[in-house]
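Inside the fold
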Amino acid sequence: MRITFISDIHGNATALEAVLEDIKQRDIQKTFVLGDLCYKGLDPKCSLEMVRSLNADVIKGNADEWVVRGVRQGEVPEQALSMMNKERDWTYSKLSEEEIEYLKNLPEELNLEYGDVKIHAFHATPNSLFEMVQPFESDEVLSEKLMGTNADIYIYAHIHKPYIRYIDGKCVVNTGSVGLPFDGVKKASYVILNINENSFNTSIVRVEYDVDKVITEIRESDYPNKEIANILE
């Protein structure tokens, strides 16, 4: 069984299209999407439509929650709150009520079993859409924050920094971001998981796309926060 996990698209339909095309070239049986579909990018509606057209299980991320109800005080630095709600309102205006309802009703975790291999997938942590668990955390912190259930593989997103770690024989994987990577690599990121009856291996895939085109489009658009172009650059 060969499955893939993508996440943190953030309205970057150009990057998502490149990732989905890359996935098509591989022998993938199932795709899972770990949230943050629309917010903080130029093409929220197109990105959401592309995700919904897949035969994929989709869960909610913090950015999807923000699209539904706005960014609240205490969830982001105070100096960023006003701009982030302007971005949220811009994104909300591009979506239909039915699409907003879809985001609202997304589940928050996946528990999967393939043969003897158990997978727990979520956006940030099993108990939060917002908590940050970084790659440099100690084994003890990763175990406490991410590994509360009985699984062999724990897959999450949210931090936009892909990595793979093994702790006491268990595998922790971060998908990185399709649309807005934070690791300085100007390529989309996703994860492939190969599963046999009682064994597995996992890999991080980086996909090239026309980042410069997306940067130019952001800077020439009416999107309220041009800083995302600088992040991509």
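Because the structure is predicted, anything quoted here is derived from the model rather than measured.

A few points about the UniProt feature "domain: Calcineurin-like phosphoesterase" (unreviewed entry) in the protein chain
- UniProt annotation of "domain: Calcineurin-like phosphoesterase" (unreviewed entry) refers to residues 1–197 when read in the numbering used here.
- Secondary structure within residues 1–197 divides into 31% helix and 23% strand; the distance between the first and last C-alpha atoms comes to 9 Å.

Some words on the nonpolar core
- By size, the foremost hydrophobic cluster in this structure holds 48 residues, and its most contacted members are Ile 6, Leu 37 and Leu 103.
- Looking at this core, the element that brings in the most residues is helix 1 (residues 13–24), giving seven residues.
- Setting aside its immediate chain neighbours within four residues, Leu 37 contacts Ile 9, His 10, Gly 11, Ser 47, Leu 48, Val 51, Val 58, Asp 64, Tyr 102, Leu 103 and Leu 106.

Looking at the packing of helix 3 (residues 62–69) against helix 5 (residues 97–104)
- Orientation of helix 3 relative to helix 5, taken along the N-to-C sense of each, is 135°, at an axis distance of 9 Å. In terms of axis orientation, helix 3 runs oblique to helix 5. When the axes of helix 3 and helix 5 are compared, the crossing they make is left-handed. In this structure, helix 3 contributes Asp 64, Val 67 and Val 68 to the contact, and helix 5 contributes Ile 100, Leu 103 and Lys 104.
- Here the residues of the contact of helix 3 with helix 5 sort into four nonpolar, no polar and two charged.

Side note on helix 1
- Taking 1.5 Å per residue as the helical rise, helix 1 with its 12 residues ought to reach 16 Å, and the 16 Å between its terminal C-alpha atoms agrees with that figure.
- Burial analysis of helix 1 places nine of its 12 residues in the buried class, which makes it a mostly covered element.
- Buried residues of helix 1: Ala 13, Thr 14, Ala 15, Leu 16, Ala 18, Val 19, Leu 20, Asp 22 and Ile 23, and no others.

Focus on the side chain of Thr 202
- Tracing the backbone shows Thr 202 in strand 10 (residues 200–207).
- Judged by its relative accessible area of 14%, Thr 202 is buried.
- Looking at Thr 202, its side chain comes within polar contact range of the main-chain oxygen of Ile 192, at 3.2 Å.
- When sequence neighbours within four positions are dropped, the list of residues in contact with Thr 202 reads Ile 164, Tyr 166, Cys 171, Val 173, Val 191, Ile 192 and Leu 193.

Overview of empty space enclosed by the protein
- On inspection of all chains with the given rule, the structure shows one cavity of 30 Å³ or more.
- Of the pockets and cavities examined, the largest cavity occupies roughly 80 Å³.
- Every residue lining the largest cavity is counted, 16 residues in all, and those nearest its centre are Gly 11, Asn 12, Gly 41, Leu 42 and Val 214.
- Secondary-structure elements contributing two or more residues to the lining of the largest cavity are helix 1, helix 7 (211–219) and helix 8 (227–232).
- Residue contributions to the lining of the largest cavity peak at three residues, all from helix 7.

With respect to the layout of surface pockets
- Size it by volume and the largest pocket reaches roughly 370 Å³.
- If you go around the largest pocket, you meet 20 residues; those closest to its centre are Lys 40, Asn 62, Trp 66, Met 84 and Met 132.
- Top contributing element to the lining of the largest pocket by residue count: helix 3, with three residues.
- In this structure, the second largest pocket encloses a volume near 210 Å³.
- In terms of lining residues, the second largest pocket is bounded by Leu 20, Ile 23, Lys 24, Arg 26, Ile 28, Gln 29, Lys 30, Thr 31, Leu 54, Asn 55 and Ala 56.
- Put simply, the parts of the chain that give the lining of the second largest pocket at least two residues each are helix 1 and strand 2 (30–33).
- Of the residues contributing to the lining of the second largest pocket, the split by class is five nonpolar, three polar and three charged.

Rules of the game
- Residues numbered from 1 in each chain as written.
- Predicted model: local features only at pLDDT ≥ 70, side-chain atom pairs only at ≥ 80, totals over all residues.
- Heavy atoms only, no water.
- UniProt positions renumbered as here; feature names shortened; annotations may be inferred.
- Helix = DSSP H or I, 4+ residues; strand = E, 2+ residues; numbered from the N terminus.
- Core = buried A, V, L, I, M, F, W, Y, C linked by side-chain atoms within 4.5 Å.
- Buried < 20%, exposed > 50% of the residue type's maximum accessible area, 1.4 Å probe, protein only.
- Contact = heavy atoms within 4.5 Å.
- Axes fitted to C-alpha atoms, helices over the stretch in contact; angles between N-to-C directions.
- Parallel < 35°, antiparallel > 145°, perpendicular 65-115°, else oblique.
- Left-handed = near helix turned anticlockwise from the far one by under 90°.
- Nonpolar A, V, L, I, M, F, W, Y, C, P; charged D, E, K, R; others polar.
- Expected span 1.5 Å × (residues − 1).
- Polar contact = N/O pair within 3.5 Å; in protein donor to acceptor, adjacent residues only side chain to side chain.
- 1 Å grid on protein atoms, 1.4 Å probe; cavity = no way out; pocket = protein on both sides within 12 Å on 5 of 7 lines; lining within 4 Å.
- Points joined across faces, edges and corners; volume = space filled by probe spheres on them.

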